[in-house]
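Geometric and topological summary
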Amino acid sequence: MCATPVRVETLMALEPVASLSEARLRELAGLCHRETAGKNSDPFRERGIAGQTVYLVRGELALVHLDGSSTVLVGGSDDARTPLGRHGATFASARAITDVELVRIDDDLLDIMVTWDQLAAADPPARRETKEGGQSPRADWSLLSGMFSVSNLKYGAFSQLPAAHIDELLRRFKRIEVKKGDSVIREGDEGDFYYVIETGRCKVERTIGGVSMLLAELKSGDAFGEEALVSEAKRNATITMKSDGALLQLAKGDFIELLREPLLHRVSVDEAREKIARGGQWVDVRYPSEYQYDGLAGAINIPLSEIRNAFGLLDKGGEYVLYCQSERRSAAATFLLAQRGYRAFLLAGGLWGEAKPGK
């Protein structure tokens, strides 16, 4: 058996996949797989269909059902447009009467994509009043769902939120036009908004020793402004537009209610110890000098300022319990990791909590 990419045209013949928008179909085509199996083989002997939406797209397949009856499914027929094993047609075994082709799609992935597309269709573009008395478009589902890739929907921040929660979150985004040279965020200001770049580019600068230092450049699809909102601290950098563009803006209260709190999974000292005992990892997000003084046994040190450098290096299959003195810095770090799909947990109260974890 071998797996190859799937053509969009193939997906357009399948249900409920065919109901997806063209953009989603193109993304899905790159994330699912077409498998071939030879005549007289059992295509599911080594890999069943649990957690998968599986379609027969070519050939003939004999299915033996739990009650002992059998049916023959033909690729391209009306019955083959729906997934195998659905609608009460559970089968116990299968045999390929001819060479066959199957398409496999991850159940969670398909469910997320269908949910997003249906919510987008149910949420027509709205308008909001501007300070000048005119109207400007509010950020809507079709815009935002296109910005966040399918992998982000499945593995990133939104994958951890209920669909209805995501719907309400995105309803509250507002779209603002910005010009080259506009300062969106100023170092030292209070945090007030969370931003996603729709179009344009930004530069991130921080004052170090009286000199403004360039830290990073941001592009369409990047988000910023979350650290001050998570940690309840002042802005730690200035962000200026390098070009004209548009930003999607989420107010602090909405960010905290709908995004920050659901992603900050707090655990008690005892719960944290259990996770560590099961193979989890302590992560100390303080300065190295603090970590060296009273870091927890077995902890690794990734200062908050360096946490973005850990993206792609940490194992997404592991669990991480983050801490600092209180929980201010670790809350920001936990959010940043969780936002990118890591199983990150916040030690409630930090080392100043009810009891310091044993060393």
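Described in the following lines is the structure provided in the data block. Model, not experiment: these values are computed from the prediction. (Residues numbered from 1 in each chain as written. Predicted model: local features only at pLDDT ≥ 70, side-chain atom pairs only at ≥ 80, totals over all residues. Heavy atoms only, no water.)

When helices and strands are counted, the protein chain shows 11 helices and 22 strands. Going through the 359 residues of the protein chain one by one, you find that 44% of them count as buried. Put simply, of all contacts in the protein chain between residues at least 6 apart along the chain, 73% involve residues at least 24 apart. A total accessible area of about 17,700 Å² is found for the protein chain, and carbon and sulfur atoms account for 50% of it. (Helix = DSSP H or I, 4+ residues; strand = E, 2+ residues; numbered from the N terminus. Buried < 20%, exposed > 50% of the residue type's maximum accessible area, 1.4 Å probe, protein only. Contact = heavy atoms within 4.5 Å. Areas by Shrake-Rupley, 256 points an atom, 1.4 Å probe, with all protein chains shown as cover.)

Another point: the pattern of salt bridges. A pair can form between side chains of opposite charge whenever their charged atoms are brought close. Evaluation of the coordinates by the stated rule reveals 26 salt bridges. Note that E177 and R175 form a salt bridge whose closest N and O atoms lie 2.7 Å from each other. Here R175 falls in the partly exposed class, since its relative accessible area comes to 21%. Note that K242 is salt-bridged to E217, the shortest N-O span being 2.8 Å. On the criterion of sequence distance, the pair formed by K242 in the loop between β16 (238-241) and β17 (245-251) and E217 in strand β14 (residues 211-218) is long-range, its members being 25 residues apart. Exposure remark for E217: the relative accessible area of 46% places this residue in the partly exposed category. Residues joined by salt bridges that share partners form a network here, namely R34, R58 and E101. (Salt bridge = Lys/Arg side-chain N within 4 Å of Asp/Glu carboxyl O.)

This part takes up unusual backbone geometry. Geometrically, the link from E15 to P16 is a cis peptide bond, its omega value of 5 degrees lying close to zero. Its location among the elements puts P16 in the loop between α1 (8-11) and α2 (22-29). Despite not being glycine, N40 has its phi angle at roughly 70 degrees, a positive value. Mapped onto the elements, N40 comes out in the loop between β2 (33-37) and β3 (52-58).

Strands sit in the order β5-β4-β6 across an open sheet of 3 strands; the sheet is antiparallel. With partners counted over all chains shown, the strands left at the sheet margins are β5 (70-74) and β6 (91-96), one partner each. Along the sheet, successive strands turn relative to each other by an average axial angle of 25 degrees, direction set aside. (Pairing = 2+ DSSP bridges. Axes fitted to C-alpha atoms, helices over the stretch in contact; angles between N-to-C directions.)

This part covers the packing of helix α8 (residues 252-263) against helix α11 (residues 328-339). Any two packed helices are characterised by the angle at which their axes cross and by the distance between the axes. Two elements in contact, α8 and α11, have axes separated by 8 Å at closest approach and are oriented at 85 degrees. If you check the angle between α8 and α11, you find them roughly perpendicular. Residues F255, L259, R260 and L263 of α8 form the contact with α11, whose own contacting residues are F335, A338 and Q339. Here the contact of α8 with α11 is composed, by residue class, of 5 nonpolar, 1 polar and 1 charged. (Parallel < 35°, antiparallel > 145°, perpendicular 65-115°, else oblique. Nonpolar A, V, L, I, M, F, W, Y, C, P; charged D, E, K, R; others polar.)

On inspection of all chains with the given rule, the structure shows 7 aromatic pairs. Relative to F255, the ring of Y194 has its centre 4.9 Å away and its plane inclined at 40 degrees; by these criteria the two rings are tilted. Of the two residues, Y194 sits in strand β12 (residues 193-199) while F255 sits in helix α8, which places them 61 residues apart along the sequence. Here Y194 falls in the buried class, since its relative accessible area comes to 5%. (Phe/Tyr/Trp six-rings, centres within 6.5 Å; stacked < 30°, edge-to-face > 60°.)

Pairing in this open sheet of 5 strands is parallel, and the strands run β18-β22-β21-β19-β20 from one edge to the other. Whereas interior strands pair on both sides, the edge strands pair on one side only; in this sheet they are β18 (266-267) and β20 (300-301). As defined by bridge partners, strand β19 (residues 281-284) adjoins strand β21 (residues 319-323) across 4 bridges and the pair is classed as parallel. Across the sheet, residue Q281 finds its bridge partner in β21, namely Y320. Together, β21 and β22 (343-347) form the strand contacts of α11, whose direction differs from that of β22 by roughly 165 degrees.

Turning next to the nonpolar core. Most often, soluble globular proteins keep nonpolar side chains buried together rather than apart. In this structure, F173, Y194, F255 and L322 are the most contacted members of the largest nonpolar core, which totals 35 residues. Elements that contribute at least two residues to this core include exactly α6 (163-171), β12, α7 (226-231), β17, α8, β21, α11 and β22. If you tally residues by element for this core, the top one is α11, at 7 residues. Residues in contact with F255, not counting those within four places in the same chain, are Y194, E226, L229, V230, L250, R260 and F335. In terms of nonpolar packing, the next biggest core, distinct from the first, is built from 15 residues, L11, A29, C32 and L110 among them. (Core = buried A, V, L, I, M, F, W, Y, C linked by side-chain atoms within 4.5 Å.)

A separate point is a nonpolar patch on the surface. A contiguous nonpolar patch, built from I208, V211, M213 and L215 and spanning about 340 Å² of accessible area, is present on the exposed surface. Its location among the elements puts L215 in strand β14. With relative accessibility at 42%, the residue L215 sits in the partly exposed group. (Patch = residues over 30% accessible without salt bridge, like charges linked within 9 Å, V, L, I, M, F, W, Y side chains within 5 Å.)

Moving on, we come to the pairing of β22. By the criterion of burial, β22 is predominantly enclosed, with 4 of the 5 residues buried. Pairing of β18 with β22 involves 2 bridges; the strand directions are parallel. When the sheet's bridge partners are listed, R266 is paired in β22 with L346. The parallel pair β21 and β22, bridged by α11, forms a crossover whose chirality is right-handed. (Right-handed = clockwise from strand over helix to strand, strands pointing away.)

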